[in-house]
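Fold and geometry: a report
Residues per chain are reported as follows:
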Amino acid sequence: KRTLLVSIVIALAIAGSLTAYSVNREVRRALEHAMEHRGESYARVYAAELAGALAERRDDLVAAKLEGAWDHESFSYVIVLRADWTVAAKRISPDHHATAEEAISAHTSAGYAPSFRAGDDLAFTRPVAAIVTRPDGTKEERNVGWVLLALSGRERQRRPRARPFE
């Protein structure tokens, strides 16, 4: 009887541990997936909201919109580049460990991939396209810049909150 009881307890302990490990892994994977979608959405919204101001080279409007949508609990940084790769506006969290130049370098090293891991952060890159009028009066869609954004690694420990431009 005693051996049977011990073997049942051991089997339950092993099964419980494996179940807890599997559930924890799946929950983390789901959270990572949700954060990727969230970061892609943020980058897409920033790109859409900033297209007109970047096309008009209105850095003051770019900075104001970036500041207005800043979420200090979620973002490590948001950097907006013009089409000529110069910085139009930037905002970096005081908790972020890198400079704007290092963040830009990370995006460059990743080949401006739509998303990648930058240390503990999830980083996102999104081109900014705007409809511009050519000198002959025709209109064309043109790349007017880039949005570089990183969700803080701390964010994986929190529930998602507000969205930009709400």
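Residues numbered from 1 in each chain as written. Predicted model: local features only at pLDDT ≥ 70, side-chain atom pairs only at ≥ 80, totals over all residues. Heavy atoms only, no water.

Let's shift gears to the packing of helix 1 (residues 2-55) against helix 2 (residues 59-68). Following both chains from N to C, one finds helix 1 and helix 2 inclined at 160°, their axes separated by 8 Å at the closest point. Classified by the angle their axes make, helix 1 and helix 2 are roughly antiparallel. Here helix 1 runs over helix 2; the crossing is right-handed. Residue-level contacts link Tyr46, Glu49, Leu50, Ala53 and Leu54 of helix 1 to Leu61, Val62, Lys65 and Leu66 of helix 2. Residues that form the contact of helix 1 with helix 2 fall into these classes: seven nonpolar, no polar and two charged. (Axes fitted to C-alpha atoms, helices over the stretch in contact; angles between N-to-C directions. Helix = DSSP H or I, 4+ residues; strand = E, 2+ residues; numbered from the N terminus. Parallel < 35°, antiparallel > 145°, perpendicular 65-115°, else oblique. Left-handed = near helix turned anticlockwise from the far one by under 90°. Contact = heavy atoms within 4.5 Å. Nonpolar A, V, L, I, M, F, W, Y, C, P; charged D, E, K, R; others polar.)

Here the focus is the nonpolar core. Tyr46, Val62, Phe75, Val78, Val147 and Leu149 are the most contacted members of the largest nonpolar core, which has 26 residues in total. If you list the elements that add at least two residues to this core, you get helix 1, helix 2, strand 1 (75-82), strand 2 (87-92), strand 4 (121-133) and strand 5 (139-151). Looking at which element gives the most residues to this core, the answer is helix 1, with nine residues. In terms of nonpolar packing, the next biggest core, distinct from the first, is built from 14 residues, Ala100, Ala103, Trp146 and Leu148 among them. (Core = buried A, V, L, I, M, F, W, Y, C linked by side-chain atoms within 4.5 Å. Buried < 20%, exposed > 50% of the residue type's maximum accessible area, 1.4 Å probe, protein only.)

Moving on to the confidence of the model for the protein chain. For the protein chain, the mean per-residue pLDDT works out to 88, and 92% of the residues sit at or above 70. Predicted confidence in the protein chain is weakest over helix 1, with a mean pLDDT of 89, and strongest over strand 2, with 96. Here residues 159-166 is modelled with pLDDT under 50, and outside its nearest four sequence neighbours on either side it reaches 18 contacts, counting other chains as well. (pLDDT = per-residue confidence, 0-100.)

Glancing now at the pattern of salt bridges. A full pass over the atoms with the stated rule returns eight salt bridges. Note that Arg58 and Asp60 form a salt bridge whose closest N and O atoms lie 2.7 Å from each other. With a relative accessible area of 47%, Asp60 lands in the partly exposed category. For Arg134, the salt bridge is made with Glu140, and the minimal N-O distance between the two is 3.0 Å. With a relative accessible area of 37%, Arg134 lands in the partly exposed category. Salt bridges here are not isolated pairs; linked through shared partners, they connect Arg134, Glu140 and Arg142. (Salt bridge = Lys/Arg side-chain N within 4 Å of Asp/Glu carboxyl O.)

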